[in-house]
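Structural description and commentary
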Amino acid sequence: MSAVPPDVEEAAEGTVLAAEQAHLAVSRAALRRMREHARGLSADMAADAVSRDLLEAALDRRIEALADHPDTPLFFGRMDSAGGDELPPTMYVGRRHVHDGEVGRPLVLDWRAPVARAFYQAGPADPMGWRQRRRFGFQGGRLTAFEDEPLDGSAADAVSAILTAEIERPRTGPMRDIVATIQPEQDVIVRADLDRTLCVQGAPGTGKTAVGLHRAAYLLFTHRERLARSGVLIVGPSRAFLSYISAVLPALGEMRVEQATVDDLLGAATAPEPAEVAALKGDARMAGVLRKALWLHVRKPEEGLLVPRGAARYRLADHEVRELVAELRGSTRYGSGRAVLAQRLAHRILVLMERRGEAPDDRVQDAVARSRPVKQAIDQVWPKLTPEQVLFRLLSDTDLLAAAARGVLDDAEQETLRWAKPYRSHRSAKWTAADRALLDELADLIERTPSLGHLVVDEAQDLSAMQLRALGRRCATGSATVLGDLAQGTTPWAARSWADVLRHLDKDGQVTELALGFRVPGPVLDYAARLLPAIAPGLAAPRSFRLGRDALTVRRVPDPAAATVAAAREALAKEGTTGLIVADDTVPAHAAALAAAGLDHAVLGADAGHRLLLVPVSQAKGLEYDHVIVVEPAAIAGAETAGLARLYVALTRAVSTLTVLHRADLPAELAG
Ligand SMILES: Nc1ncnc2c1ncn2[C@@H]1O[C@H](COP(=O)(O)OP(=O)(O)OP(=O)(O)O)[C@@H](O)[C@H]1O
């Protein structure tokens, strides 16, 4: 076979590139027309004012979604078919459908369309009817390169340069979507059916968060109507994390997905508490204790019921009331039980009326159910309660706690739970993070919590059984994508197995693993992995996609403060962001040192616009920076029970370089 001369090859490539640029220009013009068309649509055809408002809002969203962002490529891939009848000869894959208005010819297909799956999944083992995959390289919005991959197995097993460039690109701001480079094993998770709950274990930087967000976008596209009604929620570990990921879904055209921390959902803590108390309150056994505590408030009726109606008086004997209460006790939500009991009592009275020859209808039953004697009887037997009242009593009333916890918690555990200094009332009580999950459990025992269509839970390893139950009931009729890493668990109640997590969520789910890291360079990941035998002995050491030969520097320094300033200055001279991760209690000292040295910086959370961020280690989870400086690992490891796991999180935030500075000896597990 004769080789094609380089200049001829270059010219041919130039022609192909020009043709692709022309297709981009045509697609952009078509998108502009689609947007103009949407602008021209009127909401006036709506039947009434409410429908008009809804339609107007939908049109506004449509117009917004059709905006052409000059910096994001409209398509990033192309597939050429192998010639069968079922597939189009060519398909361009991009962030949204773009079609030619006149004939409706598709110019770009949304990456979430079923046919577009081939762009991510087709390979020599299964070309799925396609002959070739083409990836495009962009600079800003300009198409500058392309790369072809035959799907018949004739290509050398080379790694795509465009993919490598995308993964190695310096990070400059909030997280970006990965829609152009989703990997086959990630795509399987992204496109899993809506009714499947998936649990993804993955080492740092394997793309769990990215996959969770793309799955939300995929599900919203594929089940638009159903999920528009029931809703999708992303739950993340901190506000800083949510702000970091906040741009991803809007970039994929999904403007209306809720994002929340567990605190946002359950309420923030107003009091701290020792780890061992928190761990016990987070234990799944508390669900049974709370249930019992609540139902212990239903008293055995000692009296019958007397209902006067006009001149007549109707009487139910005490045993009849007892029977009705016993039937209902524990078989309904506590709150609805009150209403049902009122109706059943009223019904019995109605039967008495009929026996006396009256002909009462439903309205009479309702009136009796709402009458004063019935209300009084119910308030006595089945009192109205708030979650706060019940938890207040449980944590302050030794007898109630003993009765509710009998056979479940031993004496020492009951002692641990009880407030050492009880509050004066449920109104003045301060609640801890663990209490918030208990209150949520009680709220659900009283009134059913509404369920969403899908929940994405990130950093799920950090949630207690009781918090997981709170999330599980928020997707009781839906499904969940559960993401996390058992090695990064830092809470007193961190999960030890995903089977446990799924059980607490009350979901039948499948556990899968992502094994290839896209963030952390190989040498840095290997270094951090020295901690794994101590923090998660069951997990295999992660692999990295990235070589990053000079990525790791570990330096013992006589003056950490000065060395930190020097390292920060050095990092700032390079491209991208720098995260200076330090033990929480040393943040003010480091901030002062950076300010004194005149280095522009912000403490994480205060302001997103700075290239140098000072990060309290407790806030680092889920985040990433091009350059990371970790100061005094021993201080981080020594500050809390799960200190080594916290250190593992800190050491795995770097995209390009990690510098570890220490004066004290490194923790033995890391020293190697
Ligand atoms: N297929 C991919 N193509 C390009 N970039 C990717 C891909 N998968 C992951 N990344 C990038 O790798 C980085 C890490 O991804 P992500 O934050 O989702 O990982 P994670 O598993 O959630 O990490 P952690 O456990 O540390 O929170 C991100 O910058 C993400 O954009």
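Residues numbered from 1 in each chain as written. Predicted model: local features only at pLDDT ≥ 70, side-chain atom pairs only at ≥ 80, totals over all residues. Heavy atoms only, no water.

- The name an unreviewed UniProt entry assigns to the protein is AAA family ATPase, from the organism Actinomadura craniellae.

1. Quick word on the overall build of the protein
- Scanning the protein for helices and strands turns up 29 helices and 22 strands.
- Of all 672 residues assigned to the protein, the portion counted as buried reaches 50%.
- Pairs at least 24 apart in sequence give 74% of the contacts found in the protein among residues at least 6 apart.
- By element, 52% of the accessible surface of the protein is carried by carbon and sulfur atoms, the whole surface being about 31,500 Å².
- Of note, the protein has its 82 positive side-chain charges centred 6 Å away from the centre of its 88 negative side-chain charges. (Helix = DSSP H or I, 4+ residues; strand = E, 2+ residues; numbered from the N terminus. Buried < 20%, exposed > 50% of the residue type's maximum accessible area, 1.4 Å probe, protein only. Contact = heavy atoms within 4.5 Å. Areas by Shrake-Rupley, 256 points an atom, 1.4 Å probe, with all protein chains shown as cover. Lys, Arg positive; Asp, Glu negative; His and termini not counted. Charge placed at Lys NZ, Arg CZ, Asp CG, Glu CD.)

2. Some thoughts on the UniProt feature "binding site: ATP" (unreviewed entry) in the protein
- Within this structure's numbering, the places UniProt gives as "binding site: ATP" (unreviewed entry) are Gly202, Ala203, Pro204, Gly205, Thr206, Gly207, Lys208 and Thr209.
- Within the secondary structure layout, Ala203 lies in the loop between β7 (197–202) and α6 (208–222).
- Ala203 sits in the buried class, given a relative accessible area of 12%.
- Setting aside residues no more than four positions away along its own chain, Ala203 makes contact with Lys208, Asp485, Gln488, Leu514 and Pro542.
- Following the sequence through the fold, Pro204 ends up in the loop between β7 and α6.
- Setting aside chain neighbours within four positions, we find Pro204 in contact with Asp485, Gln488, Gly517, Arg519, Val520, Tyr648, Thr652 and Arg653. (UniProt positions renumbered as here; feature names shortened; annotations may be inferred.)

3. Section: the site of the ligand
- Taken together, 23 residues lie around the ligand, and Thr181, Lys208, Arg519, Glu624 and Arg653 are the ones closest in.
- Arg519 is positioned such that a nitrogen or oxygen atom in its side chain is 2.8 Å from an oxygen atom of the ligand.
- Within the complex, 98% of the 630 Å² of free accessible area of the ligand lies under protein.
- With 3 residues, the top contributor of residues to the shell around the ligand is α6.
- Residue classes in the shell around the ligand are distributed as 8 nonpolar, 9 polar and 6 charged.
- Taken together, domain 2 (196–284 + 385–514) and domain 4 (522–670) each give at least three residues to the shell around the ligand, which thus spans both. (Near = heavy atom within 4 Å. Polar contact = N/O pair within 3.5 Å; in protein donor to acceptor, adjacent residues only side chain to side chain. Nonpolar A, V, L, I, M, F, W, Y, C, P; charged D, E, K, R; others polar. Domains from an automatic or database assignment.)

4. Thoughts on the UniProt feature "domain: UvrD-like helicase ATP-binding" (unreviewed entry) in the protein
- On the UniProt side, "domain: UvrD-like helicase ATP-binding" (unreviewed entry) is annotated at positions that read residues 181–521 here.
- Structurally, residues 181–521 is divided into 50% helix and 13% strand, and its ends, taken at the C-alpha atoms, are 18 Å apart.

5. Considering the sheet that holds strand β8 (residues 232–236)
- Strand order across the open sheet formed by 6 strands is β9-β8-β12-β13-β7-β14, with parallel pairing between neighbours. Lying at the two open borders of the sheet, with one neighbouring strand each, are β9 (258–261) and β14 (509–514). The average undirected angle you get between the axes of adjacent strands in this sheet is 15°.
- Where strand β12 (residues 454–457) and strand β13 (residues 479–484) come together, 4 bridges link them in parallel fashion. Residue pairing for β13: His454 is matched across the bridge by Ser479.
- Together, β7, β13 and β14 form the strand contacts of helix α22 (residues 498–505), whose direction differs from that of β13 by roughly 145°. (Pairing = 2+ DSSP bridges. Axes fitted to C-alpha atoms, helices over the stretch in contact; angles between N-to-C directions.)

6. Observations regarding the domain arrangement of the protein
- Entries for the protein in the domain assignment read domain 1 (6–169), domain 2 (196–284 + 385–514), domain 3 (305–381) and domain 4 (522–670).
- Averaged C-alpha coordinates put domain 1 and domain 4 at centres separated by 39 Å.

7. Comments concerning the packing of aromatic side chains
- Tallying each qualifying case throughout the model produces 12 aromatic pairs.
- When the ring of Phe119 is compared with that of Tyr120, the centres are 5.1 Å apart and the planes differ by 80°; the resulting orientation is edge-to-face.
- By relative accessible area, Tyr120 is classed as buried at 4%.
- Through pairs of rings, three or more aromatic residues link up here, namely Phe392, Trp419, Tyr423 and Trp431. (Phe/Tyr/Trp six-rings, centres within 6.5 Å; stacked < 30°, edge-to-face > 60°.)

8. Details of the side chain of Arg653
- Within the secondary structure, Arg653 sits in the loop between α28 (643–651) and β22 (654–662).
- One buried charged side chain, Arg653, makes no salt bridge at all; its nearest oppositely charged neighbour is Glu459, positioned 5.6 Å away.
- In this structure the side chain of Arg653 is engaged in a polar contact, spanning 3.4 Å, whose partner is the side chain of Gln488.
- Each residue touching Arg653, except ones within four places of it in the same chain, is listed here: Pro204, Gln488, Arg519, Ile581, Ala620, Gly622, Leu623, Glu624, Tyr625 and Val628. (Salt bridge = Lys/Arg side-chain N within 4 Å of Asp/Glu carboxyl O.)

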